[in-house]
Amino acid sequence: MLYREAGQFKATYAEDSQIFPIRQDKIGFWLLMLVFGAAVPLLANEYWLKAILIPVLIFSLAAIGLNILTGYAGQLSLGSAAFMAVGAFAAYNFILRIEGMPFLVALVLAGLTAALVGILFGLPSLRIKGFYLAVATLAAQFFIVWALVKFPWFSNNSSSGVVTAQDVTILGYTFATPEAKYVLTFLIVAFMALLAKNMVRSSTGRAWMAVRDMDVAAQVIGFRLMRTKLLAFAVSSFYCGVAGALYAYTYIGTVEPEGFNLDLSFKILFMIIIGGVGSIMGSFLGAAFIVLLPIFLDNLVPAIFGDSLGAGFVSNFQLIVFGGLIIFFLIVEPHGLARLWQIAKEKLRLWPFPH
Amino acid sequence: MARQIGDVIVDLQNISLRFGGVKALTDISFNVKEHEIRSIIGPNGAGKSSMLNVINGVYHPQEGQIFFKGALRPKMEPHEAAEQGIARTFQNIALFKGMTVLDNIMTGRNLKMKCNFLQHALYWGAAQKEEIAHRIKVEEVIEFLEIQDIRKTPVGRLPYGLQKRVELARALAAEPHILLLDEPMAGMNVEEKQDMCRFVLDVNDHYGTTIVLIEHDMGVVMDISDRVVVLDYGKKIGDGVPEDVKNNPEVIKAYLGTSH
Amino acid sequence: MQFFIEVLIGGLLSGVMYALVALGFVLIYKASGVFNFAQGAMVFFAALTFVGFKEMLAKHLGMDADSSMVFWLSFLLAFISMIVLGIATERIVLRPLVNQPHITLFMATIGLTYVIEGLAQMAWGANVRGLDLGIVDEPIAWLMDNYEIGVSKFDLFAAGVAASLVGLLALLFQYTKVGRALRAVADDHQAALSIGIPLQTIWRVVWAVAGFVALVAGMIWGARNGVQFALTFTALKALPVLILGGFTSVPGAIVGGLIIGASEKLAEVYVGPFVGGGIEGWFPYMLALAFLLVRPEGLFGEKHIDRV
Ligand SMILES: Nc1ncnc2c1ncn2[C@@H]1O[C@H](COP(=O)(O)OP(=O)(O)O)[C@@H](O)[C@H]1O
Ligand SMILES: [Mg+2]
């Protein structure tokens, strides 16, 4: 009886509406924060930090962004990577062109730039729905990447748009080591995840979900479709934009527009499908899953089939597994890993006396 | 009855509505008075739902005028109607399927909530206070409609009758002046119907809410309505107190005579 | 002026090829309400399977790869593969997701895209391959001599094939039982059931037909640009085509294809130079988007008001 709700009566509505109303969840959450915020940077090696933990965090942020738009507000987007690109290149230019631009301010400005672009490409959502809109977001995907390549101004005249992120310096301290970059990423992502959670559990989130579930009824109740949808586009793009900036500054360092291609957009979409559509926690689970799966397969496939098959085989095998998993989750558990986690908890709650 | 029926609050004049070649409404005029229970009856496809949709701006008629509280109402969008205090339920339940009962009802209060998304993001001070204040209001509605024990249930899992009740709760949470109910008792068993009847009468009685009701059960309609308007093939064929309507030969022919 | 006409005709003819891919989308959408994102991957799969079989047969039978025997045998085998793929898709993906929201099915077909791409390359390798249909990509002499307008023989041939295919499909819909059932399904699932053909059979037939269309499209595209992964991106352009033409209209797909093909070429030639070129990659999407803002229901669609 380690995990129980019984005996924990919520005396006030304030307590009832906490993120973690159950005490064990709250303790678990803070433990997790402690582990990933303090223990991990102390213990993990460079490979883990650079190749797994940092990208998982960054993709989680992007997935939260897409989840806000697609999972909560119901507007399917196939262009998340393009908004990441906007964020990355905006941050680069703000830092490059404005003397003494503090990193965190640049990050916010990058997010805002992405938000503006997001609103622009979100305008069609006022008139079109479903996969019509998905096609419209493809316009964003192809146009933005094209523009970043074709106009050398964005990349300070480097060839084919490749830029190298400047040093990350906050209050005189330069985040140079993987550990430092990890901690910075962790703090930013954790903070933004909290903000996202707060939005989706209050009236803003209810507006998004109402529009998602039944837009006519949402309007009849008084929600303004335009405002609600555009806000979702803006906030979502802001998150993707910041994720893109972090991608450039704390993850790979050197980025080119083509790196933010349709494939990456799909990957982020897969993260939310597998992690959980309409779940902040699912965004983390999905990102971790999608980052870890190829690494896992890279090691597993040669172990099973031998080395003779070559890299091509592994990458094709990956495609099949990715695609297969998407179909599998859509059929078997459309709410993704987040839902599985919840079911596990419910089982645990009854344990050891299942009724 | 203790309540006082007031002035005309909604006045529809010569409304015509077409969908392509289909004439849903043809030259219909009728009004709704403050605090009354006004019923719309008629066979399926008569244009009843369309009428409600015209009142709260979901459909825009090609011809005719709508006066709201005495003033001519230009093309009004649904959310503007909501801002004017018009709430409604739908014939085919239009709850937000992915949300819990509580969240669904909370959406009903959105127009009264003033915090913006940045305050929500921080969920501190004003935003939290506001959320809790409105939660208290919503709990009153929950108690009134006796749905306490399903608060946290996702609406998709509820049986039909309860879903209808939750939809009413969502509409009531807005504290509307005018409540449009589209077949709130359809598909219910006798007991559920009685409950729903009681709720409608209570709302009307306690809060003085004006009610426009579409209902097929003649017993119920004749029982609780102040006035009834009868539609058939998009035309108005009768209008008046239940007694008159019941005896109107055209109505009997078109509607009461059939198997409805 | 000659140049303009040349670009226009070139564009229209390549538009026919977009239309060909779009046709596959329309078929599936009409029959099952599924917006099949994987149609592009199917085109790639089909083309690759065709050349793959061709190489294999030539090697094992010791015959000339360009002999008509090998050609038709490969065509047949590739077609059978598409049928198998269609049936498997119906069984494994569509059937379990029946009655799910359209958007879920759409996302499932994105997953399907990955599976098909992976399968195709796993089976046949990822090398770019040439495909020779025996029609050269050179201007038609008569037009060139008399009017100085360059129109590629190959493009004209492709347009001819596309036109025949559309004709064939029209006949199929009009005069076969399955075709009638298919039209009924598009209008109303219940009604279709009363015709006495199970929905699943109809779906399988449609996916097989869509596979056939993909095969033809893939061979033509492949002959023109080489059989390679980039085919999937070219095929993606069928999406804006559909937005213009509407998802349910075969004539719409054709007209949409022509508009997209012509306008993207014209834009590339006349606007491209001012912005650094390469706008073909996004122009169709932007055009579709702009169009949607003006006419959300498409060229041929009817204005629809949600019923509540
Ligand atoms: N959104 C719509 N699009 C097309 N036709 C509609 C729409 N709404 C209603 N109609 C048509 O208008 C007529 C009246 O419908 P409705 O108002 O729903 O009738 P009732 O509620 O009395 O059964 C019907 O013929 C119906 O098909
Ligand atoms: Mg009705």
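Under an unreviewed UniProt entry, chain C has the name Branched-chain amino acid ABC transporter permease and belongs to Zoogloea oleivorans. Database annotation for chain C, UniProt heading Subcellular location (unreviewed entry): "Cell membrane". The UniProt entry for chain C carries the following text under Sequence similarities (unreviewed entry): "Belongs to the binding-protein-dependent transport system permease family. LivHM subfamily."

Chain A is annotated in an unreviewed UniProt entry as Branched-chain amino acid ABC transporter permease of Zoogloea oleivorans. The heading Subcellular location (unreviewed entry) in the UniProt record of chain A holds the text "Cell membrane".

For Asp263(A), the location among the structural elements is in helix H11 (residues 262–275). For the pair Asp263(A) and Ile327(A), spaced 64 residues apart in sequence, the C-alpha to C-alpha distance is 17 Å. Within the structure, Asp263(A) has its side chain in polar contact with the side chain of Tyr114(C) (distance 2.8 Å).

Within the largest apolar cluster, 263 residues are counted, with the highest numbers of intra-cluster contacts made by Met84(A), Trp208(A), Tyr239(A), Phe260(A) and Leu269(A). At 16 residues, helix H3 (residues 46–72) of chain A tops the list of elements feeding residues into this core. The residues contacting Trp208(A), other than those within four sequence positions of it, are Ile68(A), Tyr72(A), Ala73(A), Met199(A), Val200(A), Thr228(A), Leu231(A), Ala232(A) and Val235(A). Core analysis: the second largest hydrophobic core is formed by 36 residues, Met106(B), Ile150(B), Val166(B) and Leu181(B) among them.

Residues and elements named next belong to chain B. In spatial order, the strands read E6-E7-E8-E3-E9-E10; together these six strands make up an open sheet with mixed pairing. For this open sheet the edge positions go to strand E6 (86–88) and strand E10 (235–240), each flanked by a neighbour on one side alone. Taking each pair of neighbouring strands and ignoring which way they run, the sheet shows an average axis angle of 15°. For E6 and strand E7 (residues 178–182), the ladder comprises three bridges, and the chain directions are parallel. Pairing of Ala-87 across the sheet is with Leu-179, part of E7. Contacts between helix H1 (residues 48–55) and the sheet are confined to strand E3 (37–41), E6, E7, strand E8 (210–214) and strand E9 (227–232), with E7 contributing the most and set at about 155° to the helix.

This brings us to the pattern of salt bridges. All names here are of chain B. Evaluated as defined, the whole model comprises 27 salt bridges over all chains. One salt bridge connects Glu-36 with Arg-227, and the closest N-O pair in it is separated by 2.8 Å. Remark: Arg-227 occurs in strand E9 and Glu-36 occurs in the loop between strand E2 (22–33) and E3; sequence separation between them is 191 residues. Taking relative accessible area as the criterion, Glu-36 reaches 1% and is therefore assigned buried. With a relative accessible area of 16%, Arg-227 lands in the buried category. Asp-182 is the salt-bridge partner of Arg-88, the closest N and O atoms lying 3.7 Å from each other. With Arg-88 in strand E6 and Asp-182 in strand E7, the pair connects residues that are 94 residues apart, well separated along the chain. On the basis of relative accessibility, which here comes to 3%, the residue Arg-88 falls in the buried class. Asp-182 gets classed as buried once you look at its relative accessible area, which sits at 0%. What emerges from the salt-bridge pattern is a single network uniting Glu-36, Arg-38, Arg-227, Lys-236 and Asp-239.

What counts and what doesn't
- Once a new chain begins, its residue numbering starts again from 1 and follows that chain's sequence as written.
- Numbering of ligands from 1 and lettering of chains from A proceed in the order in which they are written.
- Given that the model is predicted, a residue must reach a pLDDT of at least 70 before its local features are reported, and side-chain atom pairs must reach 80 or more before they are shown or counted; all residues, however, enter totals for whole chains, interfaces and linings.
- Side-chain numbers come from the whole structure's heavy atoms, not from hydrogens or water.
- UniProt positions are given in the numbering used here, feature names are shortened, and annotations may be inferred rather than shown by experiment.
- Helix and strand assignments come from DSSP, with helices taken as H or I runs of at least 4 residues and strands as E runs of at least 2, each series counted from the N terminus.
- Here a polar contact means two N or O atoms within 3.5 Å. Within protein one must be a hydrogen donor candidate and the other an acceptor candidate, and residues neighboring in sequence count only if both atoms are side-chain atoms.
- To define a nonpolar core, start from buried Ala, Val, Leu, Ile, Met, Phe, Trp, Tyr and Cys residues and group those joined through side-chain atoms within 4.5 Å.
- Here's how the labels work: a residue is buried when its accessible area is under 20% of the maximum for its type, exposed when over 50%, partly exposed in between, all with a 1.4 Å probe on protein chains only.
- The contact criterion used is simple: two residues touch if any of their non-hydrogen atoms lie within 4.5 Å.
- The rule for pairing is simple: two strands pair if DSSP sees at least two bridges between them.
- Between the N-to-C directions of two axes lies an angle of 0 to 180 degrees, each axis being a line fitted to C-alpha atoms and, for a helix, fitted only over the stretch in contact.
- For this document, the term salt bridge refers to a Lys or Arg side-chain nitrogen within 4 Å of an Asp or Glu carboxyl oxygen.

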